[in-house]
Amino acid sequence: MAVTGYKPMEMNIFKEDDPRISFVKQALQKRLVSLIENGLEWVLVSGQMGVELWTAEVVLELKEQYEVQLGVIPPFETFAERWPEPLQEKLQMITDQADFYKPLYKGAYVAPYQFRARDVWLADKSDGALILLDEDFPGSTRFFLEVAQNTENYPIQTITPADIDDAVEEMRMTDPDYWT
């Protein structure tokens, strides 16, 4: 399954310690566990900052309990060179632990076709997609969504803002102070 979603700035998240990230990761984990328990073997991401890196972190944690593999396929080799150093380090840690890692194109950014090729490759090599998406505000997810919607027999599942709200509530309810 290919997994994608928003970049952090599209969600008004500007720091890696933002508590909202844990809510997104909880919603991702809940959905991924359900999919894994129903036969999901591979999770594919391009390594984009935000939802894709958070997904990769969740998958790496789930590997301790489940037979699931992580593939990271960025559009080109220098994909993250302009990112802040902590995010570059996070991507490096993830790619070091991934079961498969290979950029689609050698070298640096050349043109937008590299991103389109990434989206087509992910849709072609996966059996479906999981997209964190608010349909009223698709942001950068619209590019992969368009490819996915035009791929024949390609199921698309979404995690919506309501799913994240549910994750927040579930996390609040596990806090013993919630009940006192």
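Above this text sits the structure in question.
Visitor: Would you mind going over the overall build of the chain with me for this structure?
Guide: Each helix and strand counted, the chain has 6 helices and 6 strands in total. The secondary structure elements of the chain, listed N-terminal to C-terminal, are β-α-β-α-β-α-β-α-β-α-β-α. Radius of gyration (C-alpha) of the chain: 16 Å, near the 16 Å computed for a compact globule of 180 residues. Taking the principal axes of the C-alpha coordinates as reference, the chain spans close to 55 × 40 × 35 Å. The buried share of the chain, reckoned over its 180 residues, is 44%. Considering only residue pairs separated by 6 or more positions, the chain has 80% of its internal contacts joining residues 24 or more positions apart. Accessible surface computed for the chain: about 10100 Å², of which carbon and sulfur atoms make up 50%. Once the 16 positive and 32 negative side-chain charges of the chain are each reduced to a mean point, those two points are 6 Å apart.

Visitor: Can you walk me through the packing of aromatic side chains in this structure?
Guide: Think of a pair of aromatic rings as described by two things: how far the centres are apart, and how the planes are tilted against each other in angle. Within the structure shown, the criterion is met by 6 aromatic pairs. When the centroid spacing of 5.7 Å and the interplanar angle of 80° are considered together, the rings of Phe-76 and Phe-115 count as edge-to-face. Remark: Phe-115 occurs in helix H4 (residues 113–125) and Phe-76 occurs in the loop between strand S3 (69–72) and helix H3 (85–97); sequence separation between them is 39 residues. Among the residues examined, Phe-76 registers a relative accessible area of 5% and is labelled buried. On the accessibility criterion, Phe-115 (27% relative accessible area) is partly exposed.

Visitor: Sorry if this is basic, but what is going on with the packing of helix H2 (residues 51–62) against H3 here?
Guide: Packed helices, taken two at a time, are described by the angle between their axes plus the distance between the axes. The contact between H2 and H3 brings their axes to 10 Å, and the two run at 40°. Considering their axes alone, H2 and H3 lie oblique with respect to each other. Remark: the crossing between H2 and H3 carries left-handed chirality. Contact residues: H2 offers Leu-53, Trp-54, Ala-56, Glu-57 and Leu-60, while H3 offers Leu-87, Lys-90, Leu-91, Met-93, Ile-94 and Gln-97. By residue class, the composition of the contact of H2 with H3 is 8 nonpolar, 1 polar and 2 charged.

Visitor: Help me understand the pattern of salt bridges, please; the structure alone is not making it clear to me.
Guide: Where side chains of opposite charge bring their charged atoms close, a pairing between them can arise. Within the structure shown, the criterion is met by 11 salt bridges. Residue Glu-16 pairs with Lys-90 through a salt bridge whose shortest N-O separation is 2.3 Å. In this pair, Glu-16 is assigned in the loop between strand S1 (2–4) and helix H1 (20–37) and Lys-90 in helix H3, connecting sequence segments 74 residues apart. Across the pair Lys-90 and Glu-57 runs a salt bridge whose closest N-O atoms are separated by 3.2 Å. Here Glu-57 lies in helix H2 and Lys-90 lies in helix H3, a separation of 33 residues in the sequence. The two residues Lys-90 and Glu-57 agree in class, both being buried.

Visitor: Please clarify how unusual backbone geometry should be interpreted in this entry.
Guide: Excluding glycine, residues mostly carry a negative phi; peptide bonds, for their part, are mostly trans. Even without being a glycine, Asn-12 presents a positive backbone phi close to 55°. Taking relative accessible area as the criterion, Asn-12 reaches 51% and is therefore assigned exposed. A positive phi angle, near 50°, is found at Asn-153, a position not held by glycine. Asn-153 gets classed as exposed once you look at its relative accessible area, which sits at 71%.

Visitor: It is not clear to me how the environment of Thr-141 should be interpreted in this structure. Could you clarify?
Guide: Here Thr-141 lies in helix H5 (residues 141–149). What makes Thr-141 buried here is its relative accessible area of 1%. Separated by 102 residues in sequence, Thr-141 and Gly-39 place their C-alpha atoms 25 Å apart. In this structure Thr-141 touches Gly-5, Tyr-6, Ile-131, Leu-132 and Leu-133, once residues within four positions along its chain are discounted.

Visitor: I keep staring at H1 and nothing clicks. Help me out?
Guide: Because an α-helix packs 3.6 residues into every turn, residues spaced three or four apart end up facing the same way. Here H1 is 18 residues long and its end C-alpha atoms lie 26 Å apart, about the 26 Å a rise of 1.5 Å per residue gives. For H1, the complete set of buried residues consists of Ile-21, Val-24, Ala-27, Leu-28, Leu-32, Val-33, Leu-35 and Ile-36. Looking at the buried residues of H1, the elements they touch are S1, strand S2 (42–45), H2, strand S5 (129–132), strand S6 (156–159) and helix H6 (161–173). Backbone geometry just after H1 places Gly-39 at a positive phi near 110°.

Visitor: When you look at the side chain of Lys-90 in this model, what are you seeing that I'm missing?
Guide: A residue is classified by how much of its surface remains accessible, and Lys-90, at 15% relative accessible area, is buried. Each residue touching Lys-90, except ones within four places of it in the same chain, is listed here: Glu-16, Leu-53, Trp-54 and Glu-57.

The rules behind these values
Residues numbered from 1 in each chain as written. Predicted model: local features only at pLDDT ≥ 70, side-chain atom pairs only at ≥ 80, totals over all residues. Heavy atoms only, no water. Helix = DSSP H or I, 4+ residues; strand = E, 2+ residues; numbered from the N terminus. Rg over C-alpha atoms; globule rule 2.2 N^0.38 Å. Buried < 20%, exposed > 50% of the residue type's maximum accessible area, 1.4 Å probe, protein only. Contact = heavy atoms within 4.5 Å. Areas by Shrake-Rupley, 256 points an atom, 1.4 Å probe, with all protein chains shown as cover. Lys, Arg positive; Asp, Glu negative; His and termini not counted. Charge placed at Lys NZ, Arg CZ, Asp CG, Glu CD. Phe/Tyr/Trp six-rings, centres within 6.5 Å; stacked < 30°, edge-to-face > 60°. Axes fitted to C-alpha atoms, helices over the stretch in contact; angles between N-to-C directions. Parallel < 35°, antiparallel > 145°, perpendicular 65-115°, else oblique. Left-handed = near helix turned anticlockwise from the far one by under 90°. Nonpolar A, V, L, I, M, F, W, Y, C, P; charged D, E, K, R; others polar. Salt bridge = Lys/Arg side-chain N within 4 Å of Asp/Glu carboxyl O. Expected span 1.5 Å × (residues − 1).

Fair warning: the whole summary comes from geometry, so function is off the table for now.
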